[in-house]
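# Commentary on secondary and tertiary structure
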2 protein chains.
Amino acid sequence: MPGTAKVNPDLQKERNRATFPVHVMTYVLDGDPEKTKRRRYVENLVLNDPVYKHKPVCFMSRGERYSLGMKKALHAVKKLKELNLTDPADQYYYRSFTMPHENSPIALQDDMFIPILSTQTTDEQKAKWLTLAKSLQIIGTYAQTEMGHGTFVRGLETTATYDPQTEEFIINSPTLTSTKWWPGNLGKTTNHAVVLAQLYTGGKCHGIHAFIVQHRDMETHQPLPGIEVGDIGPKFGYETVDNGFLRYHNVHIPRDNMLMKYSEVTKDGRYIRKANEKLTYGTMVTVRSGIVSNAARQLAEACTIAIRYSAIRRQSEMKPGEPEPQVLDYQTQQHKLFPLLATSYAYWFAGRSMRETYLDIQSQIMAGDFKQLPELHALSAGLKAMSTWAASEGIETCRLSCGGHGYSHASGLPKIYVDATPGCTYEGENTVMMLQTARYLMKACGQAAQGNELPGFVAYLNQKGLDRCMIGDDLSLVSLVSAYQHRARRLIGKAALQMKAHMERGKPQEVAWNLTSVQLVHCAKAHVQCYVLKNFVDSIEQYSHHEDVARVLTQLCQLFAVDGILNNAGDFLQGGFMSYDQLDNMTAKLLDLLAAIRPNAVALVDAFDFSDHLLQSVLGRYDGNVYENMLEWAKSSGVQHLSKQS
Amino acid sequence: MPGTAKVNPDLQKERNRATFPVHVMTYVLDGDPEKTKRRRYVENLVLNDPVYKHKPVCFMSRGERYSLGMKKALHAVKKLKELNLTDPADQYYYRSFTMPHENSPIALQDDMFIPILSTQTTDEQKAKWLTLAKSLQIIGTYAQTEMGHGTFVRGLETTATYDPQTEEFIINSPTLTSTKWWPGNLGKTTNHAVVLAQLYTGGKCHGIHAFIVQHRDMETHQPLPGIEVGDIGPKFGYETVDNGFLRYHNVHIPRDNMLMKYSEVTKDGRYIRKANEKLTYGTMVTVRSGIVSNAARQLAEACTIAIRYSAIRRQSEMKPGEPEPQVLDYQTQQHKLFPLLATSYAYWFAGRSMRETYLDIQSQIMAGDFKQLPELHALSAGLKAMSTWAASEGIETCRLSCGGHGYSHASGLPKIYVDATPGCTYEGENTVMMLQTARYLMKACGQAAQGNELPGFVAYLNQKGLDRCMIGDDLSLVSLVSAYQHRARRLIGKAALQMKAHMERGKPQEVAWNLTSVQLVHCAKAHVQCYVLKNFVDSIEQYSHHEDVARVLTQLCQLFAVDGILNNAGDFLQGGFMSYDQLDNMTAKLLDLLAAIRPNAVALVDAFDFSDHLLQSVLGRYDGNVYENMLEWAKSSGVQHLSKQS
């Protein structure tokens, strides 16, 4: 690596002033020392493999990035076998280290194609397809989204019509808008797809079902007859992903290409539903907890870059004649970055807890007891939305906080952003997700009103709570949680009353819902923020024996809470819950917390333990030698620079 | 253009339901019918010129985009002469239509190099350099920013040391961080630069001055001896701009390469200051009003795309069994987009008023009377910041509101975003700008406290105002402005008190300033929002004779105000100014306004009169034929698609 091995003195001073041991915080974030050791072991396997060493991809054309991405992805498949990395966590880390902020051109194979072939097939079908997929003999994607339908799956227009004469389904794209649009790896790479289509048999439509359909010839890789396929064109990011379009014209597939674990069509064309599909809720929760953790990680990476850079960047004069201060000493800079740092810790813990809760209740689910699932499912929808929104907005705040250099790919931040922001849209558009959470909250509200006890986290709706805010000078975590619960209770109750008022005026339920939807989203946000805060507090409890660590986590948690109060001050003041003086005190406390966290800012991002390789950022280098490396980076294109020294 | 000439029926219905004449609103936005006619005339000159017709640039490599950009820019130079387009507005429109959301590879020539050679040179120097520049015989840039210094110009490290023996300045980049970094067109294109450097003569440093320095050979285009120059590498956007780096090693220039209008170094090395540099304040205000108008335009373009698309996109079921509703019928979608639409109108008027105010006081300035300049300068700083922030955040909100297709370059939104977001950083980093406004407000506050009368817009600080909010059901514009003034007065006063409290506790002024800076930025934001709202109200007054137009502008203005109140509810509730009931009413009013604006949403964006060519968006096409054109767009790469029909 170019530049000196010595750490930038400003950055070293920051590390020297930390009030807690960074490695202990790393264990907290990873879960335990064993996990840290394992993650670093896996990362070193990647760092030491020359196949993964290349100039920054932002200097390459899209074609070059795709080819390099494919080379690395296939190498990873081979290495994972060679190195016998079978644990899902190992595999996740290995893959993500090979392609920082990029998606593999065969990502859909592991993320969707293989899992679906595992879980939605009969044993016979599994035997036929799964080995082929796992050995990459067939390369597949998941073709759900269409040009005209993303969010509303029931509106998909691709058809699969059963012909009992030939015992075949005929797949068609009957309209322009039925064109499959967006499936990853479809544009160039894949030869098969799990296709979602409206199932017709005996003249009746039975809704959306999944079918395996080949679209490219296994020898020539040309589209098969009746197939129109290609790339959907350039995007904001995702350069390595060949998102594709696909149209079907009378494509015939055997009957048993329909994935038949949960339902089936018999040879003579009878439709039979076989099993309870609520089991897929579990997959959704798992996927969403992964999205939450991922979002937290991306925001944490952005904070790492921005905070380190703000520690080495000196600019302007605070006191005339004195050296230019570190940008991180400006209160306005702390105000931009430290709440984001707190937020990344908050969602880091939230994603983890979500996954742990799901694993806890999994035995119940397997036994057919779904009692806790609706609440967890609703919470997972809201957490998915809030975490991805936080990451998307937060990463751009981090980038802008880096001034001019933030706009250069040398910061690494544009790449993190375009990789993170789709999280707001895929796997459930965020506003739709919030409304799902709200729907559950309205039901729960109704239950609580009838005196029924509520399960899990949402039980706070049953409690009355104090009608005066108890947050004092000590910013006790209990009082902060209590305030957030009051706020959520109030907003949820108000939304429910508003719904009721609309319906009492004769509006149909769906119209009332739409006219209340802004308030419904808002109360759902309050609920999720409540969970995130309470979970942050509970997580800190686990580390109360580590005083230094607990102290700084508490400060972060308080900052998260206070910043949220100030951003939603109206909600807390309403009805006189919080007094005007208390609100003024919140501002004072926010500023105090910024100053309190200042000495530990760099240590807190060091604790995430992101390698320079992962960050892909000159500004965020661990050694802080930014300026020494900027020119080198600029020359990475390998193009002969018109430069000459005298 | 591909696709049918027929307008999408949903979009046509939207246009049919407008309650005001769109063309009249276009005249309002342009200023008058003559201006509209002229703008369209100029745009047609571009639309009819085949040189400007090409596939979307997002399908091209960076090299191709640069070359195409250069070809178009040089063609534009030629055409502007041929067509005799000398009016600055004509030239601005012509150039922007040739390169939608892109910067010309010789932009700095017209934007900085020539203006500086016009205004900072003696008559002799002008005669020597200006013709060469205007005829593109020399191509120049403006080299101010360095690797280590952007915002803090006084910290620039490039040196220009005078040698009376040779009557030359010797230019040097003494440190790594003194490397010029970011100047546009430097990386590849230019041969000269106006360079800002610390002037040394007789062993004394006289601060930052400007020098013309050639860096490339006029024949070979190779770097001259002592010059190290190249491109700084890829960026988030700005692909056509070769932002460059440049290091000087003992580069000698003649004495009279120093721009000597305001100061000079004599042959024997004496430094003489010649004129008042406050005159440059005026340039700053003009540049900033351009930035404000530009930001408003970019946000307006994004709103146009998102609102048109939301009118043709149908998704999900509001009422089971009924057709999927237009996404624009969802209250949550209106809540995302309509405040942004209102904001674009608000800043559109603000940028225009800023420029008009400056022109009004220009005669005063020329006569040496700078009385109104400090207030206008401070306001321009804050407006620059608020408008670019609004555009940057707003464009991304528009993009995310378009769901999956928003991420595709087919939406046009990623390109608008990466073109708009640097506005937050260049020409004065936004937070620094807000603090400049705040600095003025603290002075004004002190003046008001002493009973002195305040000039211009800031006079409201002298007034006491009511201590109860008078906003009622009618949302009168007067009551809204009054509420915003109260809020700004309160926050400015509080910040001043906080400064005082810190200093009374013994903190030096600069420490007190830093510790109050979050509050200072906040009160400056309140002041600027006050101006924008009042200016919006005043602008509507001018059109009161056009009832239909005035009515819908009033609704937009009310929405702008109410949305701002809800986003800053704490400020309005504080001290009991606004009651809890009034705040509740604000939410109800917001939702009513969304519904009231709904029928006019498409007409309001049509009024901006952005051509399809300018928007570069499939989703935002005037005819709304989105789906019909998406596939065509995807194939624009010209690469043979692996597609075949049966």
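In this text the structure is predicted, and so the values were computed from the model without any measurement. (Residues numbered from 1 in each chain as written. Chains lettered and ligands numbered in written order. Predicted model: local features only at pLDDT ≥ 70, side-chain atom pairs only at ≥ 80, totals over all residues. Heavy atoms only, no water.)

### Observations concerning the confidence of the model for chain A
Residues and elements named next belong to chain A. Of the residues in chain A, 97% have a pLDDT of 70 or more, and the chain-wide mean is 94. Low pLDDT (under 50) marks residues 641–646, which in the prediction has 22 contacts with non-local residues, meaning those over four places away or in another chain. Interface confidence for the predicted complex, given as ipTM, is 0.97, next to a pTM of 0.97. (pLDDT = per-residue confidence, 0-100. Contact = heavy atoms within 4.5 Å.)

### Some remarks on the pattern of salt bridges
Where charged atoms from two side chains of opposite charge come close, those side chains can pair. Residue and element names in this part refer to chain A. Here the structure, examined in full by the defined rule, presents 68 salt bridges over all chains. Across the salt bridge formed by Glu396 and Arg399, the nearest N and O atoms sit 2.8 Å from each other. Taken together, the positions of Glu396 and Arg399, both in helix 10 (residues 373–401) and three residues apart, correspond to about one turn of that helix. (Salt bridge = Lys/Arg side-chain N within 4 Å of Asp/Glu carboxyl O. Helix = DSSP H or I, 4+ residues; strand = E, 2+ residues; numbered from the N terminus.)

### With respect to the environment of Val418 of chain A
Looking at where Val418 of chain A falls in the secondary structure, it is placed in helix 11 (residues 413–420). Relative accessible area serves as the criterion here: at 8%, Val418 of chain A is assigned to the buried category. When neighbours within four sequence positions are excluded, Val418 of chain A is seen to be in contact with Phe236, Gly237 and Tyr238 of chain A together with Phe236 and Tyr407 of chain B. (Buried < 20%, exposed > 50% of the residue type's maximum accessible area, 1.4 Å probe, protein only.)

### Section: the UniProt feature "active site" (unreviewed entry) in chain A
All names here are of chain A. In this numbering, the UniProt entry assigns the feature "active site" (unreviewed entry) to Glu427. Position of Glu427 among the secondary structure elements: in the loop between helix 11 and helix 12 (430–449). For Glu427, the residues in contact, after removing those within four places along its chain, are Val287, Arg288, Ile291, Lys384 and Met433. (UniProt positions renumbered as here; feature names shortened; annotations may be inferred.)

### Side note on the sheet that holds strand 4 (residues 180–181) of chain A
Residue and element names in this part refer to chain A. The three strands are arranged 4-8-7 in an open sheet whose pairing can be described as antiparallel. Every other strand in the sheet has two partners, leaving strand 4 and strand 7 (227–231) as the edge strands with one partner each. Where strand 4 meets strand 8 (residues 244–248), two bridges bridge the pair, whose relative direction is antiparallel. Within strand 8, the position partnered with Trp181 by the bridge is Phe245. (Pairing = 2+ DSSP bridges.)

### Brief notes about the packing of helix 12 of chain A against helix 15 (residues 517–541) of chain A
Residue and element names in this part refer to chain A. Where helix 12 meets helix 15, the axes come as close as 8 Å, and the angle between the chain directions of the two elements is 80°. As the angle between them shows, helix 12 and helix 15 are arranged roughly perpendicular. Between helix 12, through Thr431, Met434, Leu435, Thr437, Ala438, Leu441 and Met442, and helix 15, the contact on the second element is made entirely by Ser517, Leu520, Val521, Cys523, Ala524, Lys525, His527 and Val528. Class assignment of the residues belonging to the contact of helix 12 with helix 15 gives a composition of 10 nonpolar, four polar and one charged. (Axes fitted to C-alpha atoms, helices over the stretch in contact; angles between N-to-C directions. Parallel < 35°, antiparallel > 145°, perpendicular 65-115°, else oblique. Nonpolar A, V, L, I, M, F, W, Y, C, P; charged D, E, K, R; others polar.)

### Quick word on the sheet that holds strand 7 (residues 227–231) of chain B
Residues and elements named next belong to chain B. With respect to topology, three strands assemble into an open sheet ordered 4-8-7, the strand pairing being antiparallel. Looking at the sheet topology across the chains shown, the edges are occupied by strand 4 (180–181) and strand 7. Relative to strand 8 (residues 244–248), strand 7 runs antiparallel, the two being bridged by five bridges. Within strand 8, the position partnered with Asp231 by the bridge is Gly244.

### Some words on the nonpolar core
Across soluble globular proteins, you tend to see nonpolar side chains buried next to one another. Of all hydrophobic cores here, the largest spans 330 residues; its most connected members are Met25 and Tyr345 of chain A together with Met25 and Tyr345 of chain B. Among the elements that take part in this core, helix 14 (residues 509–541) of chain B stands out by supplying 16 residues, more than any other. The residues contacting Tyr345 of chain A, other than those within four sequence positions of it, are Met25, Leu29, Phe536, Leu553, Leu556, Leu604, Ala607 and Phe608 of chain A. (Core = buried A, V, L, I, M, F, W, Y, C linked by side-chain atoms within 4.5 Å.)

### Some points on the domain arrangement of chain A
All names here are of chain A. If you check the domain split of chain A, you get domain 1 (23–102), domain 2 (113–275) and domain 3 (282–460 + 481–605). Relative to domain 2, the C-alpha centre of domain 1 lies at a distance of 31 Å. Each partner contributes to the interface: domain 1 provides eight residues, whereas domain 2 provides 12 residues. Between domain 1 and domain 2, a total of about 820 Å² is buried, with carbon and sulfur atoms accounting for 58% of that surface. There are two salt bridges connecting domain 1 and domain 2. Salt-bridge contacts for Asp231 lead to Arg62; the nearest nitrogen and oxygen are separated by 3.2 Å. Class assignment for the residues of the side of domain 1 that touches domain 2 results in five nonpolar, no polar and three charged. (Domains from an automatic or database assignment. Buried area = accessible area lost by both parts, 1.4 Å probe.)

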